[in-house]
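# Tertiary structure, described
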Amino acid sequence: MEQFTHAILSASYLGIFLVVFAETGLLLGAALPGDSLLILAGIAAASGQLSLGGVIGVVVAGAILGSLVGYLLGRRFGPAIFSRQNSRLFKPEYRERAEEFFARQGPVSVMLARFMPFVRAVVPTLAGISNMPFGLYMFYSVLGALLWGAGLPALAYFFGQRIPGLDHYVLLIVAAVLVLSVVPLLIKAAQARR
């Protein structure tokens, strides 16, 4: 994974933009290393290889445009996919559950999904499928993109300037970020089972 993120960083701002766009807008992008890329980009900015403003700009732009595409794809193709009564994976009742969920938890979910790997790849499409109001979706999507897209690289930049050789610990840092991202999901799942 580290070699992949270094390869993306060598493509500079365009590479960062494309990975963030794919990860947040296309379901297939769920496997891409968004958090580690943002951390590495922030560290690269701290060492002068990239501009922090440029990194934040392309990350936020990629996140907003990617989530817009994911939402529009869900809105366009979701109803047809979930209309088949005999489908095993795409039953109409699953769409109804998604609509109920987004009616109750949509805004917070859209914003917080940015900080959860894999989840940020599916939430835009699910929000579109469930017909979450577009204006409401975009407000919280942009807010989440700003918090995640500026916060994570800026944090990595801050620590990258103060801790020499921080780039050698990227995998450990990413693992810690993943654990912190997944813990709220596990707590929520345990509460739902009760």
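Above this text sits the structure in question.
Reading the values: rules and limits
- Residues numbered from 1 in each chain as written.
- Predicted model: local features only at pLDDT ≥ 70, side-chain atom pairs only at ≥ 80, totals over all residues.
- Heavy atoms only, no water.
- Patch = residues over 30% accessible without salt bridge, like charges linked within 9 Å, V, L, I, M, F, W, Y side chains within 5 Å.
- Areas by Shrake-Rupley, 256 points an atom, 1.4 Å probe, with all protein chains shown as cover.
- Salt bridge = Lys/Arg side-chain N within 4 Å of Asp/Glu carboxyl O.
- Helix = DSSP H or I, 4+ residues; strand = E, 2+ residues; numbered from the N terminus.
- Phe/Tyr/Trp six-rings, centres within 6.5 Å; stacked < 30°, edge-to-face > 60°.
- Buried < 20%, exposed > 50% of the residue type's maximum accessible area, 1.4 Å probe, protein only.
- Core = buried A, V, L, I, M, F, W, Y, C linked by side-chain atoms within 4.5 Å.
- Contact = heavy atoms within 4.5 Å.
- Axes fitted to C-alpha atoms, helices over the stretch in contact; angles between N-to-C directions.
- Parallel < 35°, antiparallel > 145°, perpendicular 65-115°, else oblique.
- Left-handed = near helix turned anticlockwise from the far one by under 90°.
- Nonpolar A, V, L, I, M, F, W, Y, C, P; charged D, E, K, R; others polar.
- Expected span 1.5 Å × (residues − 1).

## Looking at a nonpolar patch on the surface
Together, V108, L112, F115, F139, L143 and L147 make up a nonpolar patch on the protein surface, roughly 510 Å² of accessible area in all. Among the elements of the structure, α5 (92-112) and α7 (134-162) are those that each provide at least two residues to the nonpolar patch. Looking at the secondary structure, you find L112 in helix α5.

## What about the packing of aromatic side chains?
Here the structure, examined in full by the defined rule, presents five aromatic pairs. Ring centres of F17 and F21 lie 6.1 Å apart, and the angle between their planes is 20 degrees; this geometry places the pair in the stacked category. Of the two residues, F17 and F21 both sit in helix α2 (residues 12-25), four residues apart, roughly one turn of that helix. Ring geometry for F158 against F159: centres 5.2 Å apart, planes inclined by 80 degrees, an arrangement best described as edge-to-face. F159 sits in the partly exposed class, given a relative accessible area of 37%. Each residue in the set Y71, F134 and Y137 is aromatic and connected to the rest through ring pairs, giving one cluster.

## Here we look at the nonpolar core
I16, V20, L38, L50, V55, V59 and W148 are the most contacted members of the largest nonpolar core, which has 18 residues in total. Going through the elements one at a time, α2, α3 (34-46), α4 (52-81) and α7 are the ones with two or more residues in this core. With six residues, the top contributor of residues to this core is α3. Residues within four places of V20 in sequence aside, it is in contact with L38, V59, G62, A63 and W148. Core analysis: the next-biggest nonpolar cluster, separate from the first, contains nine residues, Y71, V123, A127 and M138 among them.

## Examining the packing of α4 against α7
In contact at an axis separation of 9 Å, α4 and α7 are set at 150 degrees when each is read in the N-to-C sense. One finds that α4 runs roughly antiparallel with respect to α7. Both α4 and α7 take part in a crossing whose hand is right-handed. Per-class residue counts for the contact of α4 with α7 are 20 nonpolar, three polar and one charged.

## Structural notes on unusual backbone geometry
Residue N131 is not a glycine yet carries a positive backbone phi of 60 degrees. Mapped onto the elements, N131 comes out in the loop between α6 (119-129) and α7. What makes N131 partly exposed here is its relative accessible area of 35%.

## A look at α7
Here α7 contains 29 residues, and its C-alpha end-to-end distance of 42 Å stays within 8% of the 42 Å for a straight helix at 1.5 Å per residue. Residues of α7 that are buried include every one of Y137, M138, S141, G144, A145, W148, G149, L152, P153, A156 and G160, and no others.

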